[in-house]
Amino acid sequence: MANLQNEVLNSLWKLLDNNLQFLTSKLNEFTTSQPITRVWKGAIAVIDKYPAIRLVPQGRDSEWGATRSQDDTYRFECQLFIRTTAAPEIAQEWIGAFEAVVMNLLLEPVNLT
């Protein structure tokens, strides 16, 4: 199962990495920023260039389906790292709005294959 989780992680990483220009343009709607430098995979100890995105696997949930098959749900955390002088509540608004952008990208029908 770990291999399938890695496949899902790599698919998410590739989708975000292939859309860095789009994601940067959306982030720049909230703050003047440098281009997003990288999408990191896993728990990286130090992120030294901002802004950056990190995908961290959170686990797997399994459930038995009606046809005696197992349905697996993989959970990931998508983190945005920015450096700003804005007030924390303003930065939280930016991150919340950017979260919606990422969710819309992930849920685009063309990206759900």
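Residues numbered from 1 in each chain as written. Predicted model: local features only at pLDDT ≥ 70, side-chain atom pairs only at ≥ 80, totals over all residues. Heavy atoms only, no water.

### Description of the pairing of strand β3 (residues 70-81)
Pairing of strand β2 (residues 52-64) with β3, which is carried by twelve bridges, proceeds in the antiparallel orientation. Paired with Gly59 across the strands is Arg75, a residue of β3. Adjacent in sequence and paired antiparallel, β2 and β3 are bridged by five residues, among which Arg68 carries a positive phi angle near 60 degrees. (Pairing = 2+ DSSP bridges. Helix = DSSP H or I, 4+ residues; strand = E, 2+ residues; numbered from the N terminus.)

### Quick word on the environment of Val101
Tracing the backbone shows Val101 in helix α3 (residues 88-106). Residue Val101 is classed as buried on the basis of its relative accessible area of 14%. For the pair Val101 and Leu27, spaced 74 residues apart in the sequence, the C-alpha separation amounts to 9.0 Å. Each residue touching Val101, except ones within four places of it in the same chain, is listed here: Phe22, Leu23 and Lys26. (Buried < 20%, exposed > 50% of the residue type's maximum accessible area, 1.4 Å probe, protein only. Contact = heavy atoms within 4.5 Å.)

### Describing the packing of helix α2 (residues 20-27) against α3
Between α2 and α3, the shortest axis-to-axis distance is 10 Å and the interhelical angle comes to 150 degrees. In terms of orientation, α2 and α3 fall into the roughly antiparallel class. The chirality of how α2 crosses α3 is right-handed. Counted together, Phe22, Leu23, Lys26 and Leu27 of α2 and Phe98, Val101, Val102 and Leu105 of α3 form the full contact between these two elements. For the contact of α2 with α3, a count of residues per class yields seven nonpolar, no polar and one charged. (Axes fitted to C-alpha atoms, helices over the stretch in contact; angles between N-to-C directions. Parallel < 35°, antiparallel > 145°, perpendicular 65-115°, else oblique. Left-handed = near helix turned anticlockwise from the far one by under 90°. Nonpolar A, V, L, I, M, F, W, Y, C, P; charged D, E, K, R; others polar.)

Purely geometric numbers; function is a separate question.
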